[in-house]
Structures are given as C-alpha cells and as structure tokens.
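# Chain and residue survey
The primary structure of each chain is shown beneath.
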There are 2 protein chains.
Amino acid sequence: MSTPLEEAMDTLIRIFHHYSGKEGDRYKLNKELKELLTGELTDFLSGQKDPLLVDNIMKDLDSNKDNEVDFNEFVILVAALTVACNDFF
Amino acid sequence: MSTPLEEAMDTLIRIFHHYSGKEGDRYKLNKELKELLTGELTDFLSGQKDPLLVDNIMKDLDSNKDNEVDFNEFVILVAALTVACNDFF
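Residues numbered from 1 in each chain as written. Chains lettered and ligands numbered in written order. Predicted model: local features only at pLDDT ≥ 70, side-chain atom pairs only at ≥ 80, totals over all residues. Heavy atoms only, no water.

### Description of the confidence of the model for chain A
Of all residues in chain A, 90% attain a pLDDT of 70 or more, and the chain-wide mean is 81. Across the whole predicted complex the pTM is 0.78, and at the interface the ipTM reaches 0.79. (pLDDT = per-residue confidence, 0-100.)

### Examining the environment of D10 of chain A
In this structure, D10 of chain A sits in helix α1 (residues 4-20). By relative accessible area, which is 33% here, D10 of chain A ends up partly exposed. (Helix = DSSP H or I, 4+ residues; strand = E, 2+ residues; numbered from the N terminus. Buried < 20%, exposed > 50% of the residue type's maximum accessible area, 1.4 Å probe, protein only.)

### Topic: empty space enclosed by the protein
According to the stated counting rule, one finds one cavity of 30 Å³ or more in the structure shown. Size it by volume and the largest cavity reaches roughly 30 Å³. Along its surface, the largest cavity is lined by L12, V75, V78 and A79 of chain A together with L12, V75, V78 and A79 of chain B. Taken together, the elements giving at least two residues each to the lining of the largest cavity come down to α5 (71-86) of chain A together with α5 (71-86) of chain B. Classifying every residue of the lining of the largest cavity by side-chain character gives eight nonpolar, no polar and no charged. (1 Å grid on protein atoms, 1.4 Å probe; cavity = no way out; pocket = protein on both sides within 12 Å on 5 of 7 lines; lining within 4 Å. Points joined across faces, edges and corners; volume = space filled by probe spheres on them. Nonpolar A, V, L, I, M, F, W, Y, C, P; charged D, E, K, R; others polar.)

### Digging into the side chain of E6 of chain B
Note on placement: E6 of chain B falls in helix α1 (residues 4-20). Put simply, E6 of chain B is tucked away with no salt bridge, and the nearest opposite charge, on R14 of chain B, sits 13 Å away. Apart from residues no more than four positions distant in its own chain, E6 of chain B is found in contact with E40, L41, T42, D43 and F44 of chain A. (Lys, Arg positive; Asp, Glu negative; His and termini not counted. Salt bridge = Lys/Arg side-chain N within 4 Å of Asp/Glu carboxyl O. Contact = heavy atoms within 4.5 Å.)

### Observations regarding the pattern of salt bridges
All names here are of chain A. All chains considered together, the criterion is met by six salt bridges over all chains. A salt bridge links E35 to K22, with the nearest nitrogen and oxygen atoms 2.7 Å apart. One end of the pair, E35, is in helix α2 (residues 32-40); the other, K22, is in the loop between α1 and β1 (28-29), with 13 residues separating them in the sequence. Of the residues examined, E35 reaches a relative accessible area of 38% and is grouped as partly exposed. A relative accessible area of 43% places K22 in the partly exposed class. Between E23 and K31 there is a salt bridge, with the nearest N and O atoms lying 3.7 Å from each other.

### Things to note about α2 of chain A
Among the residues of α2 of chain A, those classed as buried are E32, L33, L36, L37 and E40 of chain A. Seen along its axis, α2 of chain A keeps its buried residues to an arc of 135°; they face one direction. (Arc of directions from axis to C-beta.)

Shown next, in the form of structure tokens:
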C-alpha cells in the first residue's frame, strides 16, 4: 500500500514519461512540454492570459539550452508551480 | 475536475500543512519533518538502514539553518526523492 505522498511522486513520474516517450529522446520533453502543460494543468493555465507563458516557462526551465526539459527540470517546474499555488491557501 | 498532476500538487500542499500545523510555526516543519517522513514515506525509508538518514536530510534541507523546513525546502526534498526513485524506472 502506497501512502498519498508516494502516490503523488509516482504520478509525477508517470505523467513525465507519458509525454516524454512520445517522440525524440524518450527521457526528455521538447515540444511535448506544451502538450503536457496544456493537457495536465488546465485549471492553472485557464487563469492565464499570456499566450507566451508556456514558451517562457520552457525557456526558464531549459537551463542547459538544448531546447529539451529533463525529469529534473520538470520536477523543479512542478515545485515552483506548487509553491505559487500554495500562496493561495 | 482536477487532473492527476493538479491532484499530486494538491497532495503535496495538504500533507505539508497537515504536519506543519501541529506545533510551533504552522507554516514550517521542525521535528514534525521526522514524523512526516516516517509516516508518509514508509516504503522509501524501509529500504534504508541508516538511522541518521532523517537527521541528515533535515540538515541538508535546512539551508537557512533555523532548524525549520518551509514549504519551498520541503518541495525540493520531494523533487530530489522523486528523481532518486525515477532512476529505478
């Protein structure tokens, strides 16, 4: 039996792999990131009016400038978004 | 309707607040961190033999040396553990 925290961690891994495996390097997100964010964070993004938001997130995340986001970079994004959401609580 | 990713983020917030609110500053974990890790990461910790592991995690996390872990520091821990687990997949 997994705990809720372990399940949350498992969800992060599962979602990343679901999208990263679609094309190119299967351990990295390229244009799949946009698909992941718009598909999995609909509530969060529906409040945003900036059409360049996802492109800017991608640029910020892609610290090594290879136009790809690895699992480490993805988890840092999720952490940042969770902290942002946490301000509302 | 929330997506699985939004639910995972919500779980992180809920678990943090559940423990951080127990005593002292309700937005920070002090000795509650040990309780959180042993209560919520049983599978992960059951594989560990090092009795100082949780103390060492606390020291590493507590970047500002106040013996407390805020939500930001907690999410970084979860990210690090998720990446560690991801190597097994």
